[in-house]
Amino acid sequence: MSIDTNDTGFGRAKKALGQHFLHERGVIDRIVHAIDPKPGERIVEIGPGQGALTFPLLRTHRTLTVIEFDRDLIAPLTAAAGPIGELAIVHRDVLKVDFSELAGPGGTLRLVGNLPYNISSPILFHALDHADAIIDMHFMLQKEVVDRMAAGPGSKVYGRLSVMLQAWCDVTPLFTVGPGAFRPPPKVDSAVVRLVPKPPARVPIDDRARFAAIVRAAFGQRRKTLRNALGGLLSAEAIASAGIDPGQRAEQLEVADFIALSKAPAEA
Ligand code: SAM
């Protein structure tokens, strides 16, 4: 069954804002089921759009915070939510929203959303900066991005996104969604993914910036050996001192190997 949103006062989809609105009831139900909201949880939706996920979530959970950048959607969302539950709307660019502040002191939140695909990676990295305040994330993204997020060593699509996300989160692809589930349909397949930030004890990274710089440099020149790709950051001896062969390439390394490299002294 599909939901018709053409005459609801929400207006037309805006390409620049990555607006592809979900209308397949079956897909919406599967996402809500995967999120499985529990009483007392703080759920925050990124990009509610015309409310395809918002209203079903609000119906079961009664209270919800949404972050929406498109000013034209604020009034219709407010009006439609009124009879259903308590909807707090943050009218802002999600990349400027401090999730830790939103969670409150010592608080936590669950992030959900059918993300604007044009800024999906920046949103993921932004969420990582606030991983301590996030219980989990359920996102719809391009399938190709979800494949990269979940890839392991040896895969062609294993890269910076895989290592950065898997260092901080357990990444579980849930299911694929075809273009027909959206209006207008995107050109690519989509997929829903679950990210669960690891407890600090499982993230033994002392220097975040150094870890990020090493991962970036290693995959920046992925065909080169680590010795060459990491030349400016670590000597070959330093790479070897971390227990890693400097003749290997980035795509052969486990996440734990990158963590070991980030702890190695620049010169051994
Ligand atoms: N959740 C709705 C659905 O599933 O039908 C809409 C999803 S649509 C793919 C992405 C949504 O993110 C749009 O509502 C768009 O306006 C919003 N958006 C785009 N860029 C944004 C930004 N920087 N900050 C917050 N929301 C943004």
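Only a predicted model underlies this, so the values are computations on that prediction, with no experimental measurement involved. (Residues numbered from 1 in each chain as written. Predicted model: local features only at pLDDT ≥ 70, side-chain atom pairs only at ≥ 80, totals over all residues. Heavy atoms only, no water.)

1. So, the overall build of the chain
Right, on to step 1. Scanning the chain from N- to C-terminus turns up 11 helices and nine strands.
Right, on to step 2. With respect to the principal axes defined by its C-alpha atoms, the chain has extents near 65 × 40 × 30 Å.
Right, on to step 3. Contacts spanning at least 24 positions in sequence make up 65% of the contacts within the chain whose residues lie at least 6 apart.
Right, on to step 4. Total accessible area computed for the chain in this model is approximately 12500 Å², and 52% of it derives from carbon and sulfur atoms.
Right, on to step 5. Here the chain contributes 31 positively and 29 negatively charged side chains, and the mean placements of these two sets differ by 4 Å. (Helix = DSSP H or I, 4+ residues; strand = E, 2+ residues; numbered from the N terminus. Contact = heavy atoms within 4.5 Å. Areas by Shrake-Rupley, 256 points an atom, 1.4 Å probe, with all protein chains shown as cover. Lys, Arg positive; Asp, Glu negative; His and termini not counted. Charge placed at Lys NZ, Arg CZ, Asp CG, Glu CD.)

2. Digging into the pairing of strand S5 (residues 109-114)
Right, on to step 1. Of all six residues making up S5, six are buried, and the element is well covered by its neighbours.
Right, on to step 2. Every second residue of S5 is oriented toward a common face, with Leu 109, Leu 111 and Gly 113 on one face and Arg 110, Val 112 and Asn 114 on the other, all of them buried.
Right, on to step 3. For strand S2 (residues 43-46) and S5, the ladder comprises three bridges, and the chain directions are parallel. In the sheet register, Ile 43 faces S5, and the bridge partner there is Arg 110.
Right, on to step 4. Relative to strand S6 (residues 134-142), S5 is paired through six bridges, and the arrangement is parallel. (Buried < 20%, exposed > 50% of the residue type's maximum accessible area, 1.4 Å probe, protein only. Pairing = 2+ DSSP bridges.)

3. Some words on the site of the ligand
Right, on to step 1. As a matter of local geometry, the ligand sits amid 23 residues, with Gln 19, Leu 22, Gly 47, Glu 68 and Asn 114 nearest to it.
Right, on to step 2. The separation between a nitrogen atom of the ligand and a polar main-chain atom of Val 94 is 2.9 Å.
Right, on to step 3. When the ligand sits alone it has 600 Å² of accessible area, and the protein chains cover 97% of it.
Right, on to step 4. Counting atoms within 2 Å of the grid points, the majority share of the ligand lands in the largest pocket.
Right, on to step 5. Here the residues of the shell around the ligand are counted per class, giving 12 nonpolar, six polar and five charged. (Near = heavy atom within 4 Å. Polar contact = N/O pair within 3.5 Å; in protein donor to acceptor, adjacent residues only side chain to side chain. 1 Å grid on protein atoms, 1.4 Å probe; cavity = no way out; pocket = protein on both sides within 12 Å on 5 of 7 lines; lining within 4 Å. Sits in = over half its atoms within 2 Å of the grid points. Nonpolar A, V, L, I, M, F, W, Y, C, P; charged D, E, K, R; others polar.)

4. Digging into the pattern of salt bridges
Right, on to step 1. Following the criterion strictly, the structure yields 13 salt bridges and no others.
Right, on to step 2. Residue Glu 144 is joined to Arg 148 by a salt bridge in which the shortest nitrogen-to-oxygen separation is 2.7 Å. Of this pair, Glu 144 and Arg 148 both sit in helix H6 (residues 143-150), four residues apart, roughly one helical turn.
Right, on to step 3. Look at Glu 144 and you get partly exposed, because its relative accessible area is 44%.
Right, on to step 4. Here Glu 251 makes a salt bridge to Arg 222, at a shortest N to O gap of 3.2 Å. (Salt bridge = Lys/Arg side-chain N within 4 Å of Asp/Glu carboxyl O.)

5. Section: the layout of surface pockets
Right, on to step 1. Looking at the largest pocket, its volume works out to about 440 Å³.
Right, on to step 2. Forming the boundary of the largest pocket are 28 residues, of which Leu 17, Gln 19, Gly 47, Glu 68 and Pro 116 lie nearest the centre.
Right, on to step 3. The set of elements that each furnish at least two residues to the lining of the largest pocket consists of strand S1 (21-22) and S2.
Right, on to step 4. Within the lining of the largest pocket, the residues separate by chemical class into 17 nonpolar, seven polar and four charged. (Points joined across faces, edges and corners; volume = space filled by probe spheres on them.)

6. A closer look at the nonpolar core
Right, on to step 1. Ranked by size, the top nonpolar core spans 57 residues in total, and within it Leu 111, Phe 139, Met 149, Phe 211 and Phe 258 carry the most contacts.
Right, on to step 2. The greatest single-element share of this core, amounting to six residues, is contributed by helix H7 (residues 160-168).
Right, on to step 3. Apart from the residues lying within four places of it in its own chain, the contact partners of Phe 258 are Tyr 158, Val 163, Phe 211, Ile 214, Val 215, Ala 218, Phe 219, Ala 250 and Leu 253. (Core = buried A, V, L, I, M, F, W, Y, C linked by side-chain atoms within 4.5 Å.)

7. Re helix H5 (residues 120-128)
It helps to recall that an α-helix has 3.6 residues per turn; residues three or four apart then point in one direction.
Right, on to step 1. Burial of H5 is extensive: seven of the nine residues sit out of reach of the surface.
Right, on to step 2. Of all the residues in H5, the buried ones are Ser 120, Ile 123, Leu 124, Phe 125, His 126, Ala 127 and Leu 128.

Geometry only, nothing functional implied.
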